[in-house]
Amino acid sequence: MKKMLKQYVQQTQLGGKDREQVLKEFSRVLDDQIERIVLFLLQQQGHLANRIEELGEQRAALLEQHDIPQVFQLREAYREVGRDLINLLRFVDMNATGIRKILKKFDKRFGYRFTDYYVTTRANHPYSQLQQVFKQVGIVAVVGALSRNLAYLQDHQGSFLSIYDHPSVTLKDPIIEQVNHAVQKLTHATSFLQFLGQHALIVQEDSQSGSEDLADDQSYHFMSLLLNLVNTFLYMVNTYIIVPTADDYSISLGAAATVCGIIIGSMAVAQVFSSVYFSAWSNRSYFRPLVFSSIMLLSGNLLYALAYDLNSLAVLLLGRLLCGLGSARAVNRRYISDCVPLKIRLQASAGFVSASALGMACGPALAGLLQIRFKMYWLTFNQSTLPGWVMCIAWLVYLLWLWISFKEPGHFAKSSVNAQPSETGDQVGANLDEEDPAKPLLVATEGRREQNAEDDDEKLSENSHGSATSIIAAYKLLTPSVKVQLLIYFMLKYAMEILLSESSVITTYYFNWSTSVVAIFLASLGLTVLPVNAIVGSYITNLFEDRQILVASEIMVLIGIIMSFRFTPHYSIPQYVSSALITFVFAEVLEGVNLSLLSRVMSSRLARGTYNGGLLSTEAGTLARVVADATITAAGYLGPDLLLNITLLPPLVICIASIAATVCTYNTLY
């Protein structure tokens, strides 16, 4: 089809064919190719089903005899069916990737949004064969039959184990695990853990060989992983522990209450730069960046606590800047991606997000408990300074624990190791060459040589280049779909930061809430993260497509922002709390779906190296926080009466723009 594209380009340039003819012919050929894939897939599913049925008859006879050697032979026969099923899944995955690539090439060659037209007309049709490739479910029945029969053959305490009698027991069979991984990769199945892992933007790699898994197991160190998760938790606590008291602290130093925006945002300003050098540093070491991070955070919190007695706003801001320079979240992500075995990487990614959510809730809650005041020598301990002292001690303890327990991996991040699997399907194709049930649909050897020769130039331009070497180079790799997803991420982080950072000022002005009440309110918002993700990850994503959830969540965030405006002189607590809850909860839902789609539409060259997709999303979110906090401080000069409505205008405009951009790129998000 790529050869056909070249011919179409030449014919249209010479005037032999017009664009409408090209569209019709190309659509017909693509329909034919997809039909061949689907019919072959159904045919192979039938073959596998017949083999399982034949083996089932043998199993029924064998269970009465309890012949252990024959049980082992039968189990191996079932596993052989599983291996063929894995090859079939890889074949479908390779062709699904081919469909995406040929649509992308057509758009690029002709400057025409053919993808939008094709997906709109084919994917939503009741007889859609495109859906059979991307959302097929027939293979799941074959997987279920394999799992059930292998479980029956597994001896368990003198009896044959049933997956139906013991639903809590998971069948630990390597073939079934590989099959499940291939199915999840193909269908983008989304469990609760996977939904949480998407927040971390840590890409899951393809199945590795047994030797690679063994090497991973040998180099894996649980305590080092735990230290990375604790670092994530403490950093989020450190970020949000000052939110309920930042306005009081700024007033005590002679500044306006709205300067709390600058105090909170200064940490994000420094994080814009620290994310880059920590990402680069993690190419060579994990231990040294974590030590440096701990020292910077310890020093920053010490200055934050001392600023009260020194009566210096500059010292306070310097302390927060140092805390931002200690943001090692890029290192935490990289450690999970590079040093955690594939079989538990999903749980580790979910742990990363859970640690962040827990820290976000614990920060304000801890601030609410620090409502005491006393002096020791010339040092003052009160609700403003105690967050700094508490975090200073916490980072000191963490630094000692890190120094004693962290184990540097035997290898560091190298380009060949860190390269995440791209969607080119090259590895899949290589595996299919060895033992391929799909040979009737694959090109003959001679044709493949021609295709390889034809692709040489393209491979040089697309695949021979390494990862992006700068932010500008990374930006050039962004497609319109990726830019829209980054815009959405910027919007949701902007809205959340406005809500959280100005909460103390707004609630004090309108409702006269105390610091303890503000702390409880913020902690309650933070505690909604995991339950909401559990509901969305376990149920909602099984009922709707990611792009549908994306649009619905954006609309709900927009509704939450509109509800937050003060339309009348009287601003009530129910209005504020309900609008804040809607905005925060659906922003969290939006974040998970957004990062899931971002990892799917992003170039494979942005899945590795220093300037990777995770760094770009972190920078977008951090910039959003910086701008939001600066907006709060700037709007504060207009007076507290106008603060709420003025700060809500930018997220309202950006949210509307992101919804419009999503609609324009909707058909590319599949």
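Now for a quick tour of the structure. Note that this is a predicted model, so its numbers are computed, not measured.

**A short note on a nonpolar patch on the surface**
For step 1, the next point in the chain: On the surface, Leu310, Ile372, Phe374, Met376, Tyr377 and Trp378 cluster together into a nonpolar patch covering about 730 Å² of accessible area.
For step 2, the next point in the chain: For Trp378, the location among the structural elements is in the loop between strand S3 (374–376) and strand S4 (379–381).

**Some details on the nonpolar core**
For step 1, the next point in the chain: Ranked by size, the top nonpolar core spans 126 residues in total, and within it Trp395, Leu402, Phe406, Ile561 and Phe584 carry the most contacts.
For step 2, the next point in the chain: No other element matches helix H22 (residues 480–501), which puts 14 residues into this core.
For step 3, the next point in the chain: Residues within four places of Leu402 in sequence aside, it is in contact with Leu227, Phe287, Leu290, Val291 and Ser294.
For step 4, the next point in the chain: Leu62, Leu74, Leu88 and Val142 belong to the second largest nonpolar core, which has 24 residues in total.

**A short note on the pattern of salt bridges**
For step 1, the next point in the chain: Applying the stated criterion to the full structure yields 8 salt bridges.
For step 2, the next point in the chain: Lys493 serves as the salt-bridge partner of Glu591, at 3.5 Å between the closest nitrogen and oxygen. Taken together, the positions of Glu591 in helix H27 (residues 573–601) and Lys493 in helix H22 put the pair 98 residues apart, joining distant regions of the chain.
For step 3, the next point in the chain: In this structure Lys493 comes out as buried when scored by relative accessible area, which is 19%.
For step 4, the next point in the chain: Of the charged contacts, one joins Arg625 and Glu497 as a salt bridge, the two residues approaching to 3.5 Å between their closest N and O atoms. Residue Arg625 is located in helix H28 (residues 613–636), and its partner Glu497 is located in helix H22; the two are separated by 128 residues in the primary sequence. Like Arg625, the residue Glu497 is buried in the burial classification.

**A look at helix H29 (residues 640–664)**
Note that an α-helix has 3.6 residues per turn; residues three or four places apart therefore point the same way.
For step 1, the next point in the chain: For H29, with 25 residues, the first-to-last C-alpha span of 38 Å sits near the 36 Å given by 1.5 Å per residue.
For step 2, the next point in the chain: At Leu649, H29 shows its maximal kink, close to 25 degrees; a proline, Pro650, follows between one and four residues later.
For step 3, the next point in the chain: Those residues of H29 not exposed but buried are Leu643, Leu644, Thr647, Leu648, Pro651, Leu652, Ile654, Cys655, Ser658, Ile659, Ala661 and Thr662.

**Here we look at unusual backbone geometry**
For step 1, the next point in the chain: Here Asn311, not a glycine, exhibits a phi torsion of approximately 50 degrees, which is positive.
For step 2, the next point in the chain: Of note in this structure, Tyr377 is not a glycine but carries a positive phi near 60 degrees.
For step 3, the next point in the chain: Within the element layout of this structure, Tyr377 appears in the loop between S3 and S4.

**Notes on the environment of Phe406**
For step 1, the next point in the chain: With respect to the secondary-structure elements, Phe406 resides in the loop between helix H17 (386–405) and helix H18 (415–418).
For step 2, the next point in the chain: For the pair Phe406 and Met223, spaced 183 residues apart in sequence, the C-alpha to C-alpha distance is 6.7 Å.
For step 3, the next point in the chain: Non-local contacts of Phe406, meaning those with residues more than four positions away in its chain, are made with Ser224, Leu227, Asn228, Tyr286, Phe287, Leu290, Tyr335 and Trp401.

**With respect to the side chain of Ser658**
For step 1, the next point in the chain: Inspection of the secondary structure puts Ser658 in helix H29.
For step 2, the next point in the chain: The exposure class of Ser658 is buried, given its relative accessible area of 0%.
For step 3, the next point in the chain: Excluding anything up to four places from it in sequence, Ser658 contacts Leu487, Ile488, Met491 and Glu554.

Cut-off values and rules
Residues numbered from 1 in each chain as written. Predicted model: local features only at pLDDT ≥ 70, side-chain atom pairs only at ≥ 80, totals over all residues. Heavy atoms only, no water. Patch = residues over 30% accessible without salt bridge, like charges linked within 9 Å, V, L, I, M, F, W, Y side chains within 5 Å. Areas by Shrake-Rupley, 256 points an atom, 1.4 Å probe, with all protein chains shown as cover. Salt bridge = Lys/Arg side-chain N within 4 Å of Asp/Glu carboxyl O. Helix = DSSP H or I, 4+ residues; strand = E, 2+ residues; numbered from the N terminus. Core = buried A, V, L, I, M, F, W, Y, C linked by side-chain atoms within 4.5 Å. Buried < 20%, exposed > 50% of the residue type's maximum accessible area, 1.4 Å probe, protein only. Contact = heavy atoms within 4.5 Å. Expected span 1.5 Å × (residues − 1). Bend = angle between axes of the 7 residues up to and from the residue.

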